[in-house]
Amino acid sequence: MKKRIKNPALISPSYEDRGLFKKPPTELIVNLIPRFGKNTRGDTIIAGLVKNDVEIAVTFAGRRKKQAVELVTLLNRKWEAANYRLPKGTKAPERSDIRVPTRIQGSWRTRIVEDEQEWYARQYQLLVARWAFNTDSGEFRSFGEPPFQERVDMKANVKN
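Residues numbered from 1 in each chain as written. Predicted model: local features only at pLDDT ≥ 70, side-chain atom pairs only at ≥ 80, totals over all residues. Heavy atoms only, no water.

(A) Looking closely at the packing of aromatic side chains. Taken as a whole, this structure holds 4 aromatic pairs when the rule is applied. Seen in terms of ring centroids, Phe60 and Trp131 are 4.9 Å apart; in terms of plane orientation they differ by 75°. Their pairing is edge-to-face. In this pair, Phe60 is assigned in strand S3 (residues 54-60) and Trp131 in strand S5 (residues 120-134), connecting sequence segments 71 residues apart. Residue Phe60 is classed as buried on the basis of its relative accessible area, which comes to 0%. Ring centres of Phe133 and Phe143 lie 6.0 Å apart, and the angle between their planes is 20°; this geometry places the pair in the stacked category. Linking Phe133 in strand S5 with Phe143 in strand S6 (residues 140-144), this pair joins segments that are 10 residues apart in sequence. When its relative accessible area of 2% is taken as the criterion, Phe133 is described as buried. Through a chain of ring-to-ring contacts, the aromatic side chains of Phe60, Trp131, Phe133 and Phe143 assemble into a single cluster. Lying across the ring of Trp79, Arg95 places its NZ or CZ 4.2 Å from the centre. (Phe/Tyr/Trp six-rings, centres within 6.5 Å; stacked < 30°, edge-to-face > 60°. Helix = DSSP H or I, 4+ residues; strand = E, 2+ residues; numbered from the N terminus. Buried < 20%, exposed > 50% of the residue type's maximum accessible area, 1.4 Å probe, protein only. Lys NZ or Arg CZ within 6 Å of the ring centre and 35° of its normal.)

Spelled out as structure tokens, the structure:
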């Protein structure tokens, strides 16, 4: 099968963002939980909970996945702290009990997936452009950049 991904050194931010953010950006608060994954492109995927605890996949793709390391580290640290030296007879916490509220600006993408009973279900992914959260020490951290948008030179379109 032919590899469709270009050489990463040749991918500009505008080219990358045109492929990722095809729908208008939205901004919301997502409670990220310490459940991680990667897709075939090596993008970082973190589970998140939105209104009424609906679980979504929050995807840090392309050049933004390198910046997501601090968030992954924070979630791992919170998970390990919650499980460290639990008293006997104490129930271990669920992953959904550990949450990091994160303000995310990104674009929604839907996927159709097949479940065990061969039913088709819609799965929601939030592709992240920018995000912000508070660390354990209360420090506010912000990462990413807005999706690249083509700018049309209005002077070039005006006829004299």
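Next comes the rest of the write-up.
(B) Representation of the nonpolar core. Counting 20 residues, the largest nonpolar core has Val30, Val58, Phe60, Leu71 and Trp131 as the members making the most contacts within it. Contributions of two or more residues to this core are made by strand S1 (26-38), strand S2 (44-50), S3, helix H2 (69-83), strand S4 (100-114) and S5. In this structure Val58 touches Val30, Leu32, Thr44, Ile45, Ile46, Gly48, Ile104, Leu126 and Val128, once residues within four positions along its chain are discounted. Membership of the second largest hydrophobic core comes to 5 residues, among which are Leu20, Phe21, Ala61 and Leu127. (Core = buried A, V, L, I, M, F, W, Y, C linked by side-chain atoms within 4.5 Å. Contact = heavy atoms within 4.5 Å.)

(C) Looking closely at the pairing of S4. Alignment of S1 against S4, held across 7 bridges, turns out to be antiparallel. The partner of Val30 across the bridge, within S4, is Thr102. Two elements, S4 and S5, share 12 bridges in a ladder whose sense is antiparallel. Across the sheet, Gln105 pairs through a bridge with Arg130, a residue of S5. Between S4 and the antiparallel strand that follows it, S5, lie 5 residues; Glu118 among them carries a positive phi value of about 65°. (Pairing = 2+ DSSP bridges.)

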